[in-house]
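Per-entry structural report
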Amino acid sequence: QVQLVESGGGLVQSGGSLRLSCAASGTGISVYTMSWYRQIPGKERELVAEVDTYGATTYEDSVKGRFTISRNNDMNTLFLEMTCLKPDDAADYYCQAYNRRAIYWGRGAQVTDSS
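Residues numbered from 1 in each chain as written. Predicted model: local features only at pLDDT ≥ 70, side-chain atom pairs only at ≥ 80, totals over all residues. Heavy atoms only, no water.

Before going further, it helps to spend a moment on the state of the cysteines. Counting across every chain of the model gives 1 disulfide. The side chain of Cys22 participates in a disulfide bridge whose partner is Cys95; the two sulfur atoms lie 2.1 Å from each other. Residues Cys22 and Cys95 are joined through a disulfide that is left-handed, its torsion about the S-S bond being -80 degrees. With Cys22 in strand S3 (residues 18-26) and Cys95 in strand S9 (residues 91-98), this residue pair connects regions lying 73 residues apart in the sequence. Under the relative-accessibility criterion, Cys95 is labelled buried at 0%. (Disulfide = S-S within 2.5 Å. Helix = DSSP H or I, 4+ residues; strand = E, 2+ residues; numbered from the N terminus. Buried < 20%, exposed > 50% of the residue type's maximum accessible area, 1.4 Å probe, protein only.)

Shown next, in the form of structure tokens:
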């Protein structure tokens with residue numbers, strides 16, 4: 001079992017930066033591929049970025065070059081560094097841990113556009 005808690009969301013202006021964190025408890029995250037998803041009300045949840053157990057990363061096209069996903073297995077924490085934020089980045093951001101045995105989700109952190 002893994003419990004995931006996101007933090008770091010808030011109000012941002014276009015061009016601003018924000019860092020999301022996802023703290024895990026229970027089983028260590030080293031055995032999971034870790035991902036960030038986001039969802040706008042009325043739309044499907046979409047994958048933003050992913051980092052596998054080897055540290056390989058993938059990004060959704062619209063965030064490439066602006067967002068950086070990273071993991072610290074010793075801290076049991078996942079991060080998403082977001083820069084050059086745009087209004088379209090405003091959403092609820094969710095942390096996910098998965099492997100062949102299970103999928104776990106956090107409850108989300110809200111990123112709101114202030115413009």
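Judged by how many residues are buried, strand S8 (residues 77-82) sits mostly within the fold: 5 of 6 residues are covered. Where S3 lies against S8, 6 bridges are found, and the strand directions are antiparallel. Residue pairing across strands places Leu18 opposite Met82, the latter belonging to S8. Pairing between strand S7 (residues 67-72) and S8: 6 bridges, direction antiparallel. Its bridge partner being in S8, Ser70 is matched across the sheet by Phe79. Here S7 folds back onto S8, and the loop between the two strands holds 4 residues, one of which, Asn76, carries a positive phi near 55 degrees. (Pairing = 2+ DSSP bridges.)

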